[in-house]
Amino acid sequence: MDLSVVGKKYPIFIYEVGSEKIIEYAKATLLKNPYSIKKTKRKLLIAPPTFVATYAFKALRYVFDDKELGMNVPNVMHAEQTFEFGEVVKSGDIISTKVELKNGFSKENKNGDKIDFLVVISESKNQKKQIVCNGRWVLVEKYNV
Amino acid sequence: MSKKIKISEYLPFFYAGASGDFNQIHIDDKIAKKTGLKGIVLQGLCTMGIVSNYFLGDKNPKIIKKIKVRFSKPVYPNDELNIQFKKNKFVVLNQFNEEVISKGEITINEE
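Residues numbered from 1 in each chain as written. Chains lettered and ligands numbered in written order. Predicted model: local features only at pLDDT ≥ 70, side-chain atom pairs only at ≥ 80, totals over all residues. Heavy atoms only, no water.

Across chain A, the average pLDDT comes to 93, with 97% of residues at 70 or higher. Per-element confidence in chain A is highest for strand β1 (residues 13-16) of chain A, whose mean pLDDT is 97, and lowest for strand β2 (residues 35-39) of chain A, whose mean pLDDT is 79. (pLDDT = per-residue confidence, 0-100. Helix = DSSP H or I, 4+ residues; strand = E, 2+ residues; numbered from the N terminus.)

See below:
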């Protein structure tokens, strides 16, 4: 990938949280039932914290699809991940996520093959402008595989 | 303390649908093998989600404040994972006792 584009920011991605998606995500991450609260007559689902992998991952698509960056996606592995959580995410919330290429560097492995490291940060807020999650994503692209 | 979890054959596909992570190494065996893997691998964020949900259980998600992991080795369908934790630190091992997640940290505030 072309690490000279580090510093680039991408458009804000808007995601509306649906109950069915929370249920689907919970099942796919082996949580039997999402937590729920009663509000008036409706039942609101609270997403498990790592549901960020759904609403922010869609914002990360900008990075994967960025021709200027030129990532070869099948050769990219996820190396590290940090999420810091703020307000919980509930069904009906509208989440805005912005993503930035924070840092990038290259190394050689023990075979002398080049490996690129890209650090991406994400900031997600709800419709009340409250932070719901800050993410730090470290992606690695291998060459000569 | 530890907890064992079996990864089902179809989990990468379920998780791809749930999260939108359709990177071909998770759903296409031929492409995964071309990149040097043994076959399709589970999404790292799925493994992270499973661990986080294990700590969460049936509690309000607001108790989890932070989670941090390093993905050390791929997780394959049918792997048997073992979450080993001590206080707020954890690692995840596969059936060969290899760390698939290392240097895991989780911050939980139940107040």
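A separate point is the interface of chain A and chain B. By a frequent convention, interface size equals the accessible area lost on bringing the separate parts together. With 34 residues of chain A at the contact, the number on the chain B side is 38 residues. Of the roughly 3100 Å² buried between chain A and chain B, counting both surfaces, carbon and sulfur atoms make up 62%. Its largest share of buried area at the contact with chain B, chain A owes to Ala28(A), Tyr35(A) and Pro74(A), together 16% of the area lost on that side. Taken together, the connections running from chain A to chain B amount to 1 salt bridge. Summed over the shared surface of chain A and chain B, the result is 11 residue pairs in polar contact (both at pLDDT 80 or more). Among the elements of the structure, α1 (19-28), α2 (52-64), β4 (76-85) and β7 (131-142) of chain A are those that each provide at least two residues to the side of chain A that touches chain B. Ranked by the residues each element gives to the side of chain A that touches chain B, the list is headed by β4(A), at 10 residues. Residue classes in the side of chain A that touches chain B are distributed as 21 nonpolar, 7 polar and 6 charged. With 5 bridges connecting them, β4(A) and strand β2 (residues 64-71) of chain B associate as antiparallel partners. Looking at β2(B), one finds that Gln81(A) is bridged to Val69(B). (Contact = heavy atoms within 4.5 Å. Buried area = accessible area lost by both parts, 1.4 Å probe. Salt bridge = Lys/Arg side-chain N within 4 Å of Asp/Glu carboxyl O. Polar contact = N/O pair within 3.5 Å; in protein donor to acceptor, adjacent residues only side chain to side chain. Nonpolar A, V, L, I, M, F, W, Y, C, P; charged D, E, K, R; others polar. Pairing = 2+ DSSP bridges.)

For the pair α1(A) and helix α1 (residues 11-19) of chain B, interaxial distance at closest approach is 9 Å and the crossing angle is 155 degrees. Classified by the angle between their axes, α1(A) and α1(B) sit roughly antiparallel to one another. Considering only the axes of α1(A) and α1(B), their crossing is left-handed. Along its contact with α1(A), which presents Lys21(A), Glu24(A), Tyr25(A) and Ala28(A), the element α1(B) presents Leu11(B), Phe14(B), Tyr15(B), Gly17(B) and Ala18(B). When the residues that make up the contact of α1(A) with α1(B) are grouped by side-chain class, the tally is 6 nonpolar, 1 polar and 2 charged. (Axes fitted to C-alpha atoms, helices over the stretch in contact; angles between N-to-C directions. Parallel < 35°, antiparallel > 145°, perpendicular 65-115°, else oblique. Left-handed = near helix turned anticlockwise from the far one by under 90°.)

All names here are of chain A. Assignment of secondary structure puts serine 124 in strand β6 (residues 114-125). Given the relative accessible area of 0%, serine 124 is considered buried. A distance of 2.8 Å separates a polar atom in the side chain of serine 124 from a polar atom in the side chain of threonine 97. For serine 124, the residues in contact, after removing those within four places along its chain, are Tyr55, Ala56, Ile95, Ser96, Thr97, Gln130, Ile131, Val132, Cys133 and Asn134. (Buried < 20%, exposed > 50% of the residue type's maximum accessible area, 1.4 Å probe, protein only.)

What follows is about the environment of Asn134(A). Residue and element names in this part refer to chain A. Within the fold, asparagine 134 resides in strand β7. Through-space distance from the C-alpha of asparagine 134 to that of glycine 86 is 8.2 Å; in sequence the pair is 48 residues apart. Ignoring sequence-local partners within four residues, the contact set of asparagine 134 consists of Thr82, Phe83, Glu84, Ser122, Glu123 and Ser124.

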